[in-house]
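Residue-level structure breakdown
Now for the letters of each chain:
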Amino acid sequence: MHPDIPQLDNYLVKAEPFYQAIGDEITIFEASYQKGLPVLLKGPTGCGKTRFMEYMAWRLRRPLITVSCHDDLTASDLVGRYLVKGGETTWIDGPLAQAVRGGGICYLDEVVEARKDTMVVIHPLADDRRVLPIEKLGTLIQADEGFGLAVSYNPGYQSVLKDLKQSTRQRFVALEFGYPSPELETAIVIKESGLEPAIAELLVRFAGMTRNLKGSGLEEGASTRLLVHAAKLIVSGVAPVSACRSAIAQALTDDAEMLASINELSSSLF
Amino acid sequence: MQAARDAGQLVILLDEILEVEFSFRDTTVPAAAIAAMEPRLQDYVITWIKRVASTNIELAYQYACHVERALGLMDVETVESWALSAMDAYDREGLRPARQIILGLDEFVRLTREQADGCLLSNQQGILLGFLNGLAGRRLRIQESTQAYTDSETLFLPSLLARLATPERNFQLYKVTIAMLWAQTRFGTLRTLLEAGFLDAEDSGRRLALFHSLDTLRLEAIIARELPGLHRELVTIKQDLGEDRLPAPWDALRWSVSAEGCTAWDVVERVRSLSNDTEPLPVFAHQGILDLPAVAACVAARVSREKTLFKVRMEQLKDELGVQEHWSRDREPRLTKRLHEASELPEGAGVDILIDGKPLPLPDDMQDLVSSILMDLGDIPDEYLEPAGPGDYDPKFFQDSSSETEDVWSGVYHEKGALLYQEWDFRRQHYRKNWCAAREQSVEPVDNGFVVRTLEKYQGLVKQLRKTFEALRDENRRLKRQPQGDDVDLDALVEALADTRDGREMSERLFTRQHRTERNIAVMFMVDMSGSTKGWINDAERESLVLLCEALETLGDRYAIFGFSSITRKRCEIYHIKRFEEAYTDDVKGRISGIQPKDYTRMGFAIRHLSRMLSELDARTRILITLSDGKPDDYDEYRGSYGIEDTRRALIEARREGIHPYCITIDQQARDYLPHLYGPAAYTVIDEVRLLPLKVSDIYRRLTT
Ligand SMILES: Nc1ncnc2c1ncn2[C@@H]1O[C@H](COP(=O)(O)OP(=O)(O)O)[C@@H](O)[C@H]1O
Ligand SMILES: [Mg+2]
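Residues numbered from 1 in each chain as written. Chains lettered and ligands numbered in written order. Predicted model: local features only at pLDDT ≥ 70, side-chain atom pairs only at ≥ 80, totals over all residues. Heavy atoms only, no water.

Residues and elements named next belong to chain A. Near ligand 1, the surroundings consist of 15 residues, among which Gly46, Thr50, Arg51, Glu192 and Arg225 are the closest. Cys47 is positioned such that a nitrogen or oxygen atom in its backbone is 3.2 Å from an oxygen atom of ligand 1. At a separation of 2.5 Å, an oxygen atom of ligand 1 approaches a polar side-chain atom of Thr50. Expressed as a share of its isolated accessible area of 560 Å², the protein-covered part of ligand 1 is 91%. Every element with two or more residues in the shell around ligand 1 is listed here: α2 (49–60), α7 (182–193) and α9 (224–235). Both domains that furnish three or more residues to the shell around ligand 1 are identified here as domain 1 (9–176) and domain 2 (182–269). (Near = heavy atom within 4 Å. Polar contact = N/O pair within 3.5 Å; in protein donor to acceptor, adjacent residues only side chain to side chain. Areas by Shrake-Rupley, 256 points an atom, 1.4 Å probe, with all protein chains shown as cover. Helix = DSSP H or I, 4+ residues; strand = E, 2+ residues; numbered from the N terminus. Domains from an automatic or database assignment.)

Laid out in structure tokens, this is it:
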């Protein structure tokens, strides 16, 4: 590792995170990482992308630097900027530059939320050059061997603005994340919350019902994350129907009629 | 307070009101009854007798004779609605049916009790449909009918259920009935029935009834496993209605069909082996009827429609894939299928489609299609996978099947330049394709000094608006002298260097930074130009637009203004006033001045048309603001729930495009329907028309900061 860069040790994932593999995503990610290829995680929110990244970072023993993208995120926020301290100007690396120099895995979550110009800085990193140009310093940093890049993206958004440009998309190996099969999802819910299996199974069935409503009243069905939330509430004593209402239905919609329908669905199960 | 009138006084009074002189009606009996009432009630009753008399004298006489008993049976409000519905009936159909309502007092009492305790489908349809859609399987619709049954695509339900004591319980009965009919489509009842050839048997009626009884018990057991919460409600309903105890052979029969894995075929077998003296069970409240001919017709139509759809969509998929994978054109890829286990499906297995041996990922609509085909046929037949030939493209499967569509377009209107928009028919729960013909035209600019007059009239407000909006705009500036930022602030740096040279401490604020709220907003104003805006509403709208333009010109947000009006779906007009890319020119001012009230208020097409325009823009935030004075409404059927539900749909579509719809209205009734359309926080009702111009810019400011 470069001697004069800040250590990334505190970004190491110490304990093994629980990740339930759905398909061959672990193998593909590993192979991509070894070959220096960037990875695109596609899928709706709350289906395990972040958890997967934590798990992979642990498995590969690399520091993981996660940036949640939002619409004010500028290129400088990723690359770095000058600060002035006591009359001295000093350069501070942004998270991306830190990962590039220190050989960490940089995960840009919800990448389409960032401004369009922000995306340009990752392009030279995402092809075989593997360099990060730092305009303000007039330098190019060659990525450390251990550097890895992953971005996530939710193709469910219908907005034209939230689409990933072809020029960006085509640089990545894509992994698709969907809802796990009922058996696996039940296992995840049990493991994450300690809920008893019979109720966990009903909860997963309830999730399926809300997913049936996608397109006829709901933009998105319940994610695994919401199920885990509801499960945790149930474990701490909340009645299942109320837990579904607070942790799931209210998170999915504000429409009073839709909320009523969803409540009828959960009370028909529990 | 007046003292009570005695019977004698009342006879005179009634004789006068009821013109007894000419009719020989005997008023002594009603007069005696009314004489026994308190003075206040007497006044009340006499007022109402007069009211009814203004409609019809005979009706009023009958009312007078029955009102005392009516007051004993119902509360005052219901007694009024009894009288009103009689008068309505008189207006609509004449004396006989109206008189029938007054004389049929007991029937009226019974019906209102049912309505009060019962559950009306039309009030709960939205919620019930959501519930139904959540249950897995084919998309099903709900439609009112006299009896409960399904043809495998639509659930027909009675418009009122009142067998249980309270509205809530009757709502539960709807749910349970829906689940039952859904289960018939989902767990093989209908498919098996069609294949079992029951209709051909000699005693088909009795066999069918036996099958229906036994299969209902099988489906109840399935519901107990799949929807345990609902099953609990089912059990209490059956207890309340005394349906929980089964006659002798049926208890044993129930157990024989309750095991997991028991299919409708097992039920058919059982029914065949039943002895001839076994009687079918009485029909349960939640059971509905089986209408086999309806199912047969519906399934046949669907199977052939879906076969075509499947083949054609498959060809499209192959084409898309071919482009991606650079297939040579002369080699047709081969489609095959593979069964895979899927415990969540009632069939226990799903089907994957393979293309040259590799699994073909199916888009959502295709997955729905495949599962619908599986529900009908249990498999994807091999011939579905053969390449589509010319005969497979029967265009009628891709059109709206309703025959109304054609004759509408026989006029000349539709010929050139009209854009066709779909419209949502809530009764069918379906879009009507190409339903509205919309055309765009420009408002004729007029130069009548309106803009200048408005700016003078609101002089003070204009000044204030400019100030507020300037301040807003300046929030977007680059912030200078920041401790950190994207660029060096040269002025600050020069000063700082000078400072160090003079031996002073150097400032750390040497950067510029773009302020976070970079405005990248595009807003579309959709202006109601319906006939009802005639007069000062129109003036207020035009004044609002003038002020708004001042504000937005100061602010620099991109904006467009379009008007809309309609007269039936064949004439939906969009009026151009200002486009996004157009500057605020004299022409635009002239068009604002020239806005005139036109016809009706069909909102759906206008929302669709303008959202489309809006979503083509590259802006971070896109807003659609409607200025209106009333409910959606047009000369044809576009009124009431129809207009509201289509408008709501159009808004949902817009939101899905990432557009924020907002409504500003002066309709005082709007609070009844706007939350349903725009959501609780996306509208403003202005109480006085003259306040509109004062408020609009302010609302816009709040909306965008
Ligand atoms: N495959 C999985 N293995 C383990 N937990 C999962 C999995 N999928 C989802 N979860 C649960 O769902 C939650 C949300 O997942 P997360 O990774 O944050 O979603 P995303 O990043 O896709 O929005 C996690 O905290 C975890 O509890
Ligand atoms: Mg996440």
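Quick look at the interface of chain A and chain B now. The partner chain B presents 42 residues to the 38 residues of chain A that form the contact. Summed over both partners, the interface of chain A with chain B buries about 3,400 Å², with 49% contributed by carbon and sulfur atoms. Taken together, the connections running from chain A to chain B amount to 2 salt bridges. A:Glu264 serves as the salt-bridge partner of B:Lys175, at 2.5 Å between the closest nitrogen and oxygen. When residues of the side of chain A that touches chain B are traced back to their parent elements, those giving at least two are β3 (80–85), α7, α8 (197–212) and α11 (256–269) of chain A. Among the elements that make up the side of chain A that touches chain B, the one with the highest residue count is α11(A) (8 residues). Here the residues of the side of chain A that touches chain B are counted per class, giving 13 nonpolar, 12 polar and 13 charged. (Contact = heavy atoms within 4.5 Å. Buried area = accessible area lost by both parts, 1.4 Å probe. Salt bridge = Lys/Arg side-chain N within 4 Å of Asp/Glu carboxyl O. Nonpolar A, V, L, I, M, F, W, Y, C, P; charged D, E, K, R; others polar.)

Before going further, it helps to examine the sheet that holds strand β9 (residues 173–176) of chain A. All names here are of chain A. Spatially, 5 strands are ordered β2-β5-β8-β1-β9 in an open sheet, and the strand pairing comes out parallel. Among the strands making up the open sheet, the edge pair consists of β2 (64–68) and β9. On average, adjacent strands in this sheet sit at an angle of 20° to one another, irrespective of strand direction. Pairing of strand β5 (residues 105–109) with strand β8 (residues 148–153), which is carried by 4 bridges, proceeds in the parallel orientation. Across the sheet, the residue bridging to Ile105 is Gly148, located in β8. Most of the contacts of helix α1 (residues 25–34) go to β9, to which it runs at about 165°, and overall it touches β1 (39–42), β5, β8 and β9. Along the sheet, α2 contacts β1, β2, β5, β8 and β9; its crossing angle with β5, the most-contacted strand, is approximately 180°. (Pairing = 2+ DSSP bridges. Axes fitted to C-alpha atoms, helices over the stretch in contact; angles between N-to-C directions.)

Before going further, it helps to examine the environment of B:Gly590. Residues and elements named next belong to chain B. Structurally, Gly590 can be placed in helix α24 (residues 586–593). Separated by 143 residues in the primary sequence, Gly590 and Asp447 have C-alpha atoms spaced 5.5 Å apart. Residues contacting Gly590, with those up to four places away along its chain left out, are Glu444, Pro445 and Val446.

To continue, consider the packing of aromatic side chains. The description of an aromatic ring pair uses the distance of the two centres, along with the angle that the planes make with each other. Residue and element names in this part refer to chain B. Following the criterion strictly, the structure yields 15 aromatic pairs over all chains and no others. A centroid spacing of 5.5 Å and a plane angle of 35° characterise the contact between Tyr63 and Trp82, whose relative ring orientation is tilted. Pair noted here: Tyr63 is in helix α5 (residues 57–73) and Trp82 is in helix α6 (residues 76–93), with a separation of 19 residues, a long-range link. Grouping residues by exposure puts Tyr63 and Trp82 together as buried. (Phe/Tyr/Trp six-rings, centres within 6.5 Å; stacked < 30°, edge-to-face > 60°. Buried < 20%, exposed > 50% of the residue type's maximum accessible area, 1.4 Å probe, protein only.)

To continue, consider the pairing of strand β4 (residues 154–158) of chain B. All names here are of chain B. β4 sits mainly inside the fold: 5 of its 5 residues count as buried. Burial along β4 is two-sided: the face carrying Thr154, Phe156 and Pro158 and the face carrying Leu155 and Leu157 are both buried. Judged from the 5 bridges that link them, strand β2 (residues 141–145) and β4 form a sheet pairing that is parallel. Note on β4: the bridge partner recorded for Arg141 is Thr154. Across 2 bridges, the pairing between strand β3 (residues 149–150) and β4 is antiparallel. Looking at β4, one finds that Tyr149 is bridged to Phe156. Connecting β3 to the next strand, β4, in antiparallel fashion are 3 residues, including Ser152 with a positive phi near 90°.

We now examine the pairing of strand β7 (residues 139–142) of chain A. Residues and elements named next belong to chain A. By the bridge criterion, 4 bridges tie strand β6 (residues 131–134) to β7 in an arrangement that is antiparallel. The partner of Val131 across the bridge, within β7, is Gln142. Here β6 hands over to β7 after 4 residues, with Gly138 in that stretch at a positive phi of 65°.

Moving on: the packing of helix α23 (residues 536–555) of chain B against helix α28 (residues 692–703) of chain B. Helix-helix packing is characterised by the crossing angle of the two axes and by the distance between the axes. Residue and element names in this part refer to chain B. Put simply, α23 and α28 touch, their axes get as near as 8 Å, and they point 35° apart. With respect to the hand of their crossing, α23 and α28 are arranged in right-handed fashion. Within the contact between the two elements, α23 uses Ala540, Glu541, Glu543, Ser544, Leu547, Leu548, Ala551, Leu552 and Leu555 and α28 uses Leu692, Pro693, Val696, Ser697 and Tyr700. Its residues placed into classes, the contact of α23 with α28 shows 10 nonpolar, 2 polar and 2 charged. (Left-handed = near helix turned anticlockwise from the far one by under 90°.)

Judged by nonpolar contacts, the single largest core of 84 residues is most densely connected at B:Met524, B:Ile561, B:Ile592, B:Phe605, B:Ile664 and B:Tyr700. Here the element with the most residues in this core is α23(B); it accounts for 10 residues. Each residue touching B:Ile592, except ones within four places of it in the same chain, is listed here: B:Arg542, B:Leu545, B:Val546, B:Cys549, B:Ile561, B:Ile577 and B:Tyr584. Ranked by size, the runner-up nonpolar core spans 64 residues in total, among them A:Leu202, A:Ala247, A:Ala249 and B:Phe131. (Core = buried A, V, L, I, M, F, W, Y, C linked by side-chain atoms within 4.5 Å.)

When the terminal C-alpha atoms of α8(A) are compared, their 23 Å separation across 16 residues agrees well with the 22 Å that a helix rising 1.5 Å per residue should span. Among all positions in α8(A), only A:Ile199, A:Ala200, A:Leu202, A:Leu203, A:Val204, A:Phe206, A:Ala207, A:Met209, A:Thr210 and A:Arg211 are buried. Where α8(A) is buried, its residues meet α7, α9, α10 (240–252) and α11 of chain A together with α9 (121–134) and α13 (228–240) of chain B. (Expected span 1.5 Å × (residues − 1).)

Among the structural elements, B:Thr78 can be located in helix α6. For B:Thr78, the side chain forms a polar contact with the side chain of B:Asp75, separated by 2.3 Å.

Residue and element names in this part refer to chain B. Scanning the model with the defined rule gives 46 salt bridges over all chains in all. Between Glu114 and Arg110 there is a salt bridge, with its nearest N and O atoms 3.1 Å apart. In this pair, Glu114 and Arg110 both sit in helix α8 (residues 105–117), 4 residues apart, roughly one turn of the helix. Taking the relative accessible area as the measure of exposure, Glu114 reaches 26% and is therefore partly exposed. On the basis of relative accessibility, which here comes to 41%, the residue Arg110 falls in the partly exposed class.

Turning our eyes to something else, we now look at the sheet that holds β4(B). Residue and element names in this part refer to chain B. Pairing within the open sheet is mixed, and its 3 strands lie in the order β2-β4-β3. Pairing within the sheet leaves two strands with one partner each, and these edge strands are β2 and β3. Sheet strands touched by α9: β2 and β4. Its angle to β2, the strand with the most contacts, is close to 150°.

This paragraph deals with the confidence of the model for chain A. Any residue range with low pLDDT should be treated as having predicted coordinates unsuitable for detailed reading. Considering every residue of chain A, the mean pLDDT works out to 89; 93% of them sit at 70 or more. Within the model, pLDDT remains below 50 along residues 1–5 of chain A, and this stretch shows 3 contacts once partners closer than five positions in the same chain are excluded. (pLDDT = per-residue confidence, 0-100.)

This part takes up the confidence of the model for chain B. Residues and elements named next belong to chain B. Averaged over all residues, the pLDDT of chain B is 85; the fraction at 70 or higher stands at 91%. A low-confidence stretch, residues 395–415 (pLDDT under 50), is modelled with 33 contacts involving residues beyond four sequence positions or located in other chains. As scored by the predictor, the complex reaches a pTM of 0.66 and an ipTM of 0.84.

It is worth spelling out the environment of B:Ser256 at this point. Residue and element names in this part refer to chain B. Mapped onto the elements, Ser256 comes out in helix α14 (residues 248–256). By relative accessible area, Ser256 is classed as partly exposed at 25%. Sequence spacing of Ser256 and Leu217 is 39 residues, and the spatial spacing of their C-alpha atoms is 9.7 Å. Among all residues touching Ser256, those that are not within four sequence positions of it are Cys262 and Arg270. Here the side chain of Ser256 touches Leu253 through a polar contact of 2.5 Å, landing on its backbone oxygen.

Moving on, we get to the side chain of A:Ser268. Assignment of secondary structure puts A:Ser268 in helix α11. Polar contacts involving the side chain of A:Ser268 include one to the main-chain carbonyl oxygen of A:Leu265, which spans 2.8 Å.

Residues and elements named next belong to chain B. The contact between helix α4 (residues 39–55) and α6 brings their axes to 10 Å, and the two run at 10°. Relative to α6, the element α4 is oriented roughly parallel. Contact residues: α4 offers Tyr44, Trp48, Arg51, Val52 and Thr55, while α6 offers Val76, Glu80, Ala83, Leu84, Met87, Tyr90 and Asp91. The residue makeup of the contact of α4 with α6, split by class, is 8 nonpolar, 1 polar and 3 charged. (Parallel < 35°, antiparallel > 145°, perpendicular 65-115°, else oblique.)

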